[in-house]
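Working through the structure, step by step
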Amino acid sequence: MNTIPQNLTRAQRISSIIEQRQPLVKEIQRVETHLREVSSAISHLENYRKRLEVSVNEAEVKKKLHNLNFYHLIQLIQQEYKKLGILKERLSCSTLNIGVIGLMGQGKSTLLKSLSGLTDQEIPALEGGACTAVRSTIENLQEKRSPEPSSSKKITQSNGFGPNLYGIQEQIYLPKLDVTTKAEVTLHSEDSFLREVIWPYYDELGFTDKPDNLNAFAEQQFSAQSNRSAADEDIYQRLRHDYHLTLDKYRHLLKPGVPQKLSIQVEEISEYVIQKRDGTMRNNLTSFKHLAVREVKIFCPFKNPDVGKISLVDLPGLGDSKLGDEQLMLETLGKKVDIVLFIKRPDPQRYQWQSSDIQLYDKAAQALNDLEKRSFMVLNYSTRTENIKACEVLKQNLGTIKVAHTEIVDCADSEDANRVFNLVIDYLTVKIKELDKRYASSCQNRLRTLHSQINTELEKARSTLTQYSSDSRQFRSLFDQLSQELISSLVALRNQLKEQCEQVDPDFEAAVQIALQNCENDRGIPLDDEEIKNRSYEFEFKESYQAIYRIYIRELRIHLSRHFLQVDKGLRKSIDKVKSAVVDVLVNHGRLGELIATKDAVFLKDMADLLAERGNQLELGFRTLWEFEFSYGSSLLHLVRKHLDEILQSDITDNTSENQDFPPEPSNATEVRDNLEILYRKAVDNCQETLKQWLQAPSQARYYMVQEFIDLVIYAKGMKKEWEILLNEQDVRSKVWPEFRTIEKRKQDQQDWRNTVERIAALNQLSAMLFIN
């Protein structure tokens, strides 16, 4: 805060103090926002910690998680947030506030009237017990004053500590004022009444059935208990007789929603602040509006003409048995009050400090920081009781009570009361900046400590899951098991195929039989002579049976060749079966099924593509097996065509009667058909004989292709390393081994945990928690 110029009047100094507080309020709001963010992030981490603590099996990790104390950090943040809120609310006030505290009958109300100029109508002071029943704030109502109006009286006023104690010498003007006193009443809502007034009684008495609405409170039954202490019985009777049995007297003032505010006339103030009792043994209430009142603010011009923006805060309830009110008063003391006046009227006969006085001081010290520098002890001298000696003795011996200054005052004497008031205000204007800084510094020092505590806990959190997802040993063990099973299964398949090398391949044999049967069923020879004759009449043949015979031979060769093409289906089926058998081994024993969606022979192609993308040398073996072909076109076509070409040659000019392998050239239709029959049978028989010799070939090819695959993916140099690289990739091993799915989940947890911890570490910047230089 900036230094306040010394040439200002007291009212100007007070205004300057209030104005200089506002930038600090904004800085506190910034820190509050930051603390909310940090608390939210730590709460997220704490929830994560709880889930992990339940799910993990490792005892060491579970222990580390259990020992992390994020909940304590959250509590500390909430405590500091609350304390910052108290500081912020106090610095946000539009006035400097002086609290007035005292036990019943000590003269609080009398002093307030002497300082404010209010009367018994606004601040009642009656004999026989606590009269003022609610928290009241009396704010000085200022009027604009002209520099020196002719109707004003010019006076010179010094501070109250003696000549030039603080060097404050003020010239003020007292214009003729016509100011109307006004008041504002804040009534409890249904909710705030239950929480702030009724529930504290339940807590103190140990009642667990707290009402959550007014109907529940009205219908509740209270029973007397003989084992209560006298203090508890007094509290119980206050709850039952003052609040429960009289609820219908004030319930109409309690509305749902937020507390409502009423502007009232001066003459109505006492209706809302006074508590009257009938004086009987039970001392029942006869006034009830005050039970529904949360706060009363009175605006009036103080008797002291130059107090500026000052408010007096009457704090009834401290030292009284009104539990809810007492808590509310303590909160008010912390949030609203800058300095406290303790009011004590000593007994002229037994003038000593009572335990109740010490307890009252201790309660105030809980709520207001630096109480010994923020408090005055006002010993109320009464001419009626002649207790001046008692006041002097107590002034000389305050015991354990520590205050900034002690004054003996006749609270009923306005002049004497304002003398002390001047002392208090001058002390406040000189000391408040230092006190504010001390208070803000204490808050900031706690935030520095909080920052370190968070860092310490985060450092522990960083190492908590370090070994949580360790998997190297597990991978080695699982890889060895898998590789052994894969190799043994592939070798078993190869050995089985080796045993079948000399066996007829059933798929190929079936295809050959179908081809031969088709040759028998559809020979491609004209059915009768008439068909041959009719075709010989076509232009190009010119009735030449030799010419048409050559054409028929050529067509027969083509026709039979097409029948043998279907043998290819058998060969392909045989090869695809063994490819599928290899795939079965890779899926069921090599655990690769989750890597590729397809499960037939196409698996090999998709696997080769996957390996190619990763630059893995296993690709060659998978690609070679996928592309392996043992087809009719590549293996048997040339043999079948050789027989067909040799027997069904189109050029028969060399065929003579001396060549017994071929029929003579025909001279009529019958001879054409007979010759074709001879050639057909010879061609089919020769092809059949050749195909029979190849019935074991597919079995041999299957064996060699599997052996080649094993050599390429198992026995070739460096293949073990390639398998290790593939199977140890994060997205692969979690699909190959269910065990690694858990590990991958742990790795994700580990990464999420680390990210959350580092996010908090990034948020937990000391500069973000500092709000004063």
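Further up the page is the structure itself.
What this report covers is the structure whose coordinates are included nearby. These numbers were taken from a predicted model, which means no experiment stands behind them.

1. Comments concerning the overall build of the protein chain
What the protein chain contains, in helices and strands, is 28 helices and 11 strands. Buried residues in the protein chain amount to 49% of all 773 residues. Contacts spanning at least 24 positions in sequence make up 78% of the contacts within the protein chain whose residues lie at least 6 apart. If you sum the accessible surface of the protein chain, you get close to 38,000 Å²; carbon and sulfur atoms cover 47% of it.

2. Things to note about the nonpolar core
Within the largest apolar cluster, 68 residues are counted, with the highest numbers of intra-cluster contacts made by Ile98, Phe217, Tyr250 and Ile310. No other element matches the nine residues that helix H13 (residues 414-464) contributes to this core. Listed in part, the 45 residues of the second largest apolar core include Leu586, Leu595, Leu610 and Leu727.

3. Structural notes on the packing of aromatic side chains
Applying the stated criterion to the full structure yields 17 aromatic pairs. With 6.5 Å between their ring centres and 40 degrees between their planes, Phe207 and Phe222 make a pair best called tilted. Placement of the pair is Phe207 in the loop between helix H5 (190-205) and helix H6 (214-219) and Phe222 in the loop between H6 and helix H7 (230-244), with a sequence separation of 15 residues. Taking the relative accessible area as the measure of exposure, Phe222 reaches 14% and is therefore buried. Consider the rings of Phe222 and Tyr236, whose centres lie 6.2 Å apart with planes at 65 degrees: the pair is edge-to-face. Remark: Tyr236 occurs in helix H7 and Phe222 occurs in the loop between H6 and H7; sequence separation between them is 14 residues. We note that Phe222, like Tyr236, is buried.

4. Brief notes about the side chain of Glu53
With respect to the helices and strands, Glu53 occurs in helix H1 (residues 10-55). Classification of Glu53 as buried rests on a relative accessible area of 18%. Looking at Glu53, its side chain comes within polar contact range of the side chain of His66, at 2.9 Å. Setting aside residues no more than four positions away along its own chain, Glu53 makes contact with Lys62, Leu65 and His66.

5. Side note on the sheet that holds strand E11 (residues 405-409)
On the basis of which strands lie adjacent, the open sheet formed by nine strands has the order E6-E5-E7-E2-E8-E1-E9-E10-E11 and mixed pairing. Because the sheet does not close on itself, it has two edges, and the strands there are strand E6 (261-264) and E11. Between one strand axis and the next, the sheet turns through 20 degrees on average, direction left out of account. Where strand E1 (residues 96-101) lies against strand E9 (residues 339-344), four bridges are found, and the strand directions are parallel. In the sheet register, Val100 faces E9, and the bridge partner there is Leu341. Each of E1 and E9 is contacted by helix H11 (residues 355-367), which is oriented at about 170 degrees to E9, the strand it contacts most. On the sheet, helix H12 (residues 388-396) packs against E9, strand E10 (375-380) and E11 and is oriented at approximately 175 degrees with respect to E11.

6. Section: the pattern of salt bridges
One pass over the structure, following the stated rule, counts 38 salt bridges. In this structure, the salt-bridge partner of Glu89 is Lys336, at a minimum N-O distance of 3.3 Å. Here Glu89, found in helix H3 (residues 70-92), pairs with Lys336, found in helix H10 (residues 323-336); they are 247 residues apart in sequence, far enough to count as distant. A relative accessible area of 28% places Glu89 in the partly exposed class. As a salt-bridge pair, Asp529 and Arg673 come within 3.2 Å of each other at their nearest N and O atoms.

7. Some words on unusual backbone geometry
Notably, Glu386 is not glycine yet its phi reads approximately 50 degrees, a positive angle. Note that Glu386 resides in the loop between E10 and H12. At Arg591, a position not held by glycine, the phi torsion is positive, near 60 degrees. Of note, Arg591 is situated in the loop between helix H18 (567-588) and helix H19 (602-613).

8. Regarding the packing of helix H4 (residues 108-116) against H13
The interhelical angle for the contact between H4 and H13, taken along N-to-C directions, is 85 degrees, at an axis separation of 8 Å. The orientation of H4 with respect to H13, classified from their angle, is roughly perpendicular. For the pair H4 and H13, the contacting residues are Leu111, Ser114 and Leu115 in the first and Ser414, Ala417, Asn418 and Phe421 in the second.

9. Some thoughts on the packing of H1 against helix H27 (residues 738-763)
At a minimum axis distance of 10 Å, the contact between H1 and H27 shows a crossing angle of 160 degrees. The angle between H1 and H27 places the two elements in the roughly antiparallel class. The hand of the H1/H27 crossing is left-handed. From H1, His34, Glu37, Val38, Ala41, Ile42, His44, Leu45, Tyr48, Arg49 and Leu52 reach across to H27, where they touch Gln748, Asp749, Asp752, Trp753, Thr756, Val757, Arg759, Ile760 and Leu763.

10. Focus: the side chain of Asp749
Structurally, the position occupied by Asp749 is in helix H27. Overall, the relative accessible area of 7% leaves Asp749 in the buried class. A polar side-chain atom of Asp749 sits 2.9 Å from a polar atom in the side chain of Tyr48.

Reading the values: the criteria
- Per chain, the residues get numbers from 1 upward, laid out in the order the sequence is written.
- Note on the predicted model: pLDDT of at least 70 is required for a residue's local features to be given, and 80 or more for side-chain atom pairs to be given and counted; whole-chain, interface and lining totals, by contrast, use all residues.
- By convention in this description, side-chain values take in all heavy atoms of the structure and omit both hydrogens and water.
- Each helix is a run of H or I in the DSSP string that is no shorter than four residues. Each strand is a run of E no shorter than two, and both are numbered from the N terminus.
- Burial classification: accessible surface area is computed with a 1.4 Å probe over protein chains only, and a residue below 20% of its type maximum counts as buried, one above 50% as exposed, and the rest as partly exposed.
- Whether two residues are in contact is decided by their heavy atoms, any of which lying within 4.5 Å being enough.
- All accessible-area figures derive from a Shrake-Rupley calculation using a 1.4 Å probe, and residue coverage is judged against the displayed protein chains alone.
- Only buried residues count toward a nonpolar core, which is a set of Ala, Val, Leu, Ile, Met, Phe, Trp, Tyr and Cys residues joined through side-chain atoms within 4.5 Å.
- In summary, the pairing rule links any two rings of Phe, Tyr or Trp, Trp by its six-membered ring, whose centres are within 6.5 Å, and it sorts them by plane angle into stacked for under 30 degrees, edge-to-face for over 60 and tilted for everything else.
- N or O atoms closer than or at 3.5 Å make up a polar contact, with two conditions inside protein: a donor-capable atom paired with an acceptor-capable one, and, for residues adjacent in sequence, both atoms drawn from side chains.
- Pairing between strands requires that DSSP locate at least two bridges from one strand to the other.
- Here, axes are lines fitted to C-alpha atoms. For helices the fit covers the stretch in contact, and angles between N-to-C directions go from 0 to 180 degrees.
- Between Lys or Arg on one side and Asp or Glu on the other, a salt bridge is scored when a side-chain nitrogen of the former is within 4 Å of a carboxyl oxygen of the latter.
- Any angle from 65 to 115 degrees is called roughly perpendicular, while one under 35 is roughly parallel, one over 145 is roughly antiparallel, and all others are oblique.
- Crossing handedness follows the turn of the near helix against the far one: under a right angle anticlockwise gives a left-handed crossing, and clockwise gives a right-handed one.

Any functional reading would require information beyond the geometric quantities listed.
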